[in-house]
Amino acid sequence: MIVPTVRGWIFLLAGLVCLLLAYGTGQRGLLVPGALLLAIVMIGALSLIPVMRRGRFEMRMPADVREGAGDDIMLHADPAFVGGKFRWRSIASGHWTPWTRLEGERGAIFTGDLSRGVYPVVPLRVRAVDALGVWYYRSRRGDRQQLTVGPQVISLESLVQSGFGSQSYANLLGVTDQVDQLVRDHRREDGMRRVHWKQSAKHDRLMARKEEPPSVGSVTVVFDTVRESYLDRDEFDDAVRTFASLLVTLSEHGLDIRVVESGKPALSPHVTKLGERELVRALADFDVAEPASLPSPGNRERVHVITGERPVAFVREFIGELGRQDTVWGASDEVVQRGRAERIPLVPFEAMSLERMLA
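For every chain, the first residue of the written sequence is number 1, and numbering continues from 1 onward in sequence order. Thresholds applied to this predicted model are a pLDDT of at least 70 for local features of residues and 80 or more for the giving and counting of side-chain atom pairs; totals over whole chains, interfaces and linings are not thresholded and use all residues. Side-chain measures here rest on the full set of heavy atoms in the structure, leaving out hydrogens and waters.

Q: Give me the packing of aromatic side chains: which residues, what numbers.
A: Here the aromatic set is Phe, Tyr and Trp, taking the six-membered ring for Trp, and pairing holds for ring centres within 6.5 Å; pairs whose planes are under 30 degrees apart are stacked, those over 60 apart are edge-to-face, and all others are tilted. In total, this model carries five aromatic pairs according to the counting rule given. Here the aromatic rings of F223 and F236 are separated by 6.1 Å at their centres, their planes lie at 10 degrees, and the arrangement is stacked. With a gap of 13 residues between them, F223 in strand β14 (residues 218–223) and F236 in helix α8 (residues 233–252) connect regions that are remote in the sequence. Classification of residues uses two cut-offs on accessible area relative to the type maximum, computed with a 1.4 Å probe and protein chains only: under 20% is buried, over 50% is exposed, and between them is partly exposed. Residue class for F236 comes out buried when judged on its relative accessible area of 2%. Elements are defined by DSSP. Helices are runs of H or I of four residues or more, strands are runs of E of two residues or more, and each kind is numbered from the N terminus.

Q: Break down the side chain of S229 for me, citing the residues and quoting the values.
A: In this structure, S229 sits in the loop between β14 and α8. Note on S229: relative accessible area 1%, which makes it buried. Any N or O atom pair separated by 3.5 Å or less is treated as a polar contact, with the protein-specific requirement of one donor-capable and one acceptor-capable atom, and with residues adjacent in sequence counted only for side-chain atom pairs. A distance of 2.7 Å separates polar atoms of two side chains, one belonging to S229 and the other to D224. Residue contacts for S229: discarding those within four places in its chain leaves D224, E235, T307, G308, E309, R310, P311 and V312. For this analysis, residues touch if any pair of their heavy atoms sits within 4.5 Å.

Q: Quick rundown of the UniProt feature "transmembrane region" (unreviewed entry) in the chain? Include the residues and the values.
A: UniProt positions are given in the numbering used here, feature names are shortened, and annotations may be inferred rather than shown by experiment. Mapped onto the present numbering, the UniProt feature "transmembrane region" (unreviewed entry) falls at residues 34–52. Helix makes up 95% of residues 34–52 and strand 0%. Its end C-alpha atoms lie 28 Å apart.

Q: Provide a residue-level description of helix α2 (residues 31–47), including the pertinent values.
A: Taking 1.5 Å of rise per residue, the 17 residues of α2 would be expected to cover 24 Å, and the 24 Å separating its terminal C-alpha atoms lies within 8% of that figure. Within α2 the residues assigned to the buried category are G34, L37, V41, G44 and A45. Considered in projection along α2, the buried side chains sweep an arc of 105 degrees and stay on one side of the axis. Residues V32, L36, M42 and I43 are exposed on α2 and point more than 90 degrees away from its buried face. Buried residues in α2 make contact with β1 (2–4), α1 (6–25), α3 (49–54) and β10 (135–141). An expected span of 1.5 Å times one less than the residue number is assigned to each helix. Directions from the helix axis toward the C-beta atoms define the arc.

Q: Give a detailed account of the nonpolar core, specifying residues and quantitative values.
A: Nonpolar cores are built from buried Ala, Val, Leu, Ile, Met, Phe, Trp, Tyr and Cys residues. Side-chain atoms within 4.5 Å join them into one set. Counting residues in hydrophobic clusters, the biggest one holds 32 residues, and the most contacted among them are V221, F223, F243, L246, L283, I306 and W329. Contributing elements (two or more residues each) for this core: α4 (156–164), β14, α8 and α9 (276–282). Counting 28 residues, the second largest nonpolar core, distinct from the first, contains F57, I109, V121 and A128.

Q: Summarise α1; cite the residues concerned and give the values.
A: Between the first and last C-alpha of α1 there are 28 Å, a value that for 20 residues agrees with the 28 Å anticipated at 1.5 Å per step. When we look at burial in α1, the residues that qualify are G8, G15, C18 and A22. All buried residues of α1 fall inside an arc of 100 degrees around its axis, so they share one side. Counted as exposed and oriented over 90 degrees from the buried face of α1: V6, I10, L20 and G24. Looking at the buried positions of α1, the neighbouring elements they touch are β1 and α2. Note on α1: the residue one or two positions beyond its end, G26, has a positive phi of about 80 degrees.

Q: Which residues make up the sheet that holds β1, and what values do they have?
A: With respect to topology, five strands assemble into an open sheet ordered β1-β10-β9-β5-β6, the strand pairing being antiparallel. Because the sheet does not close on itself, it has two edges, and the strands there are β1 and β6 (100–101). Criterion used throughout: strands pair if DSSP finds at least two bridges between them. Of the strand pairs in this sheet, β1 and β10 are connected by three bridges, and their pairing is antiparallel. The residue bridging P4 from the neighbouring strand is W135, located in β10.

Set out below in structure tokens:
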């Protein structure tokens, strides 16, 4: 629909007044300004016809939006909309954005500082003003789309080393085991050129470098997704952020990762093979679930557990069976002390600022 602007109302009323006065008083001189004002109003309305008939545009959602860091929704308009304005509203927030004027045939809407989630974007409210500024056209255009906001991925190296030391980070990655795989006991036929002097000093006997490459380290990441393990939504978001950061860190170091959920399984079995961008999109709307079960740790590779401050009973029992090379993220000291694993806090949202300072 088209609606007169303030200027349009002034021109329209002034033109009508001039015509009425000319008719009532017989002053024909008022016919000219009255007709001119009404002609301007008519020309402005006719100039909007191309916008109403041909005005189309494309809306492209950003591909990689992370919590706490907004991005632009890009708009590409038909030439009929040049100089027009656009605004949008998220159903989740209920708020309209300010009008965004196109620069040439393009425009951008900043998404703002959003938390993790999937936000529906309704068709945009479109407004275009005619060149004379007397009418504006408004309508709804575009298809319903979704804005996906994933968790931030934090560098765990700086955070863990700053709080727990380099040895904790080495244990997290299993670096010590991988180094040990590079050497073996020295044999007479090896000669002195193959002696690994640093490892020989560590083991207090001669060690030789192996010719074969070390085997790939394995690790199990247990993600506690049971609703009752978390105090609130913010703590679960911290756990999701920790889970994403841990998977990316372990993948970058070439470890073979197995993911186990304590709640009803919801993650793809290929989640460990995803790149960082695909991983955060997959975790954008990931939520807590009903309890399932966990296998006994037994004799196995390293285990890293991500849980809330007060995990449910069967998760606490699982933590109690962990060893010294394992880690537990998020649980209270009281829970972790039942076993021998190392406790590390969840990655809070504020860690992004700390990471920038330590970078």
